[in-house]
Amino acid sequence: MLERHLQVLRMVIENEPIGIVKMSNETGYPHHKVRYSLRVLEEENLIEPSSQGAITTERTHEFVDELDEKLDETVEKLGSMRIDDAAELEN
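Throughout what follows, the structure given in this document is the object of discussion. (Residues numbered from 1 in each chain as written. Predicted model: local features only at pLDDT ≥ 70, side-chain atom pairs only at ≥ 80, totals over all residues. Heavy atoms only, no water.)

Here we look at the packing of helix α1 (residues 2-15) against helix α3 (residues 31-43)
For step 1, the next point in the chain: Where α1 contacts α3, the two axes come as close as 9 Å, and the packing angle between them is 80 degrees. The angle between α1 and α3 falls in the class roughly perpendicular. Contacts between α1 and α3 pair R4, H5, V8, L9 and V12 from the former with K33, Y36, S37, L38, V40 and L41 from the latter.
For step 2, the next point in the chain: Here the residues of the contact of α1 with α3 sort into seven nonpolar, two polar and two charged. (Axes fitted to C-alpha atoms, helices over the stretch in contact; angles between N-to-C directions. Helix = DSSP H or I, 4+ residues; strand = E, 2+ residues; numbered from the N terminus. Parallel < 35°, antiparallel > 145°, perpendicular 65-115°, else oblique. Contact = heavy atoms within 4.5 Å. Nonpolar A, V, L, I, M, F, W, Y, C, P; charged D, E, K, R; others polar.)

Considering α3
For step 1, the next point in the chain: Its 13 residues place the ends of α3 18 Å apart at the C-alpha level, agreeing with the 18 Å of an ideal helix rising 1.5 Å per residue.
For step 2, the next point in the chain: Taken together, the buried positions of α3 are occupied by V34, S37, L38 and L41. Seen end-on, α3 carries its buried residues on one side only, within an arc spanning 100 degrees.
For step 3, the next point in the chain: Where α3 is buried, its residues touch α1, α2 (20-27), β1 (47-50) and β2 (53-56).
For step 4, the next point in the chain: Looking one or two residues past α3, N45 carries a phi angle of roughly 60 degrees, positive in sign. (Expected span 1.5 Å × (residues − 1). Buried < 20%, exposed > 50% of the residue type's maximum accessible area, 1.4 Å probe, protein only. Arc of directions from axis to C-beta.)

What to know about the side chain of S24
For step 1, the next point in the chain: Its place among the elements puts S24 in helix α2.
For step 2, the next point in the chain: Once residues within four sequence positions are removed from consideration, S24 is found in contact with Y29, P30, H31 and V34.

Thoughts on the nonpolar core
For step 1, the next point in the chain: Among the nonpolar cores identified, the biggest contains twelve residues, and these are V8, L9, M11, V12, I18, M23, V34, L38, L41, L46, I47 and A54.
For step 2, the next point in the chain: Those elements that provide at least two residues to this core are α1 and α3.
For step 3, the next point in the chain: Here the element with the most residues in this core is α1; it accounts for four residues.
For step 4, the next point in the chain: Setting aside its immediate chain neighbours within four residues, V8 contacts M23, S37, L38 and L41. (Core = buried A, V, L, I, M, F, W, Y, C linked by side-chain atoms within 4.5 Å.)

What to know about the pairing of β1
For step 1, the next point in the chain: Pairing of β1 with β2, which is carried by four bridges, proceeds in the antiparallel orientation. When the sheet's bridge partners are listed, P49 is paired in β2 with A54.
For step 2, the next point in the chain: In this structure, the hairpin formed by β1 and β2 is closed by a connection of two residues. (Pairing = 2+ DSSP bridges.)

Worth remembering: the numbers are spatial, not functional.
Structural data, given as structure tokens:
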């Protein structure tokens, strides 16, 4: 579900304004799932409705930057936890 929400958010960022039908056609998700993701994103103030379709808000780019930073930190932390790397260092 999180992956779908992020995919819908990415589509809004890249194609705003964009409607439910276009998102559904391009992602293959049913209309009701796209609609739910849009509602979740709207509740978090990451998108807002317009007469032409969903658009980003002032908060969107700040959220994306923070998310990317946290994902980078998580990937780095997970990489440092690899057992394979520790075994290679011992040899």
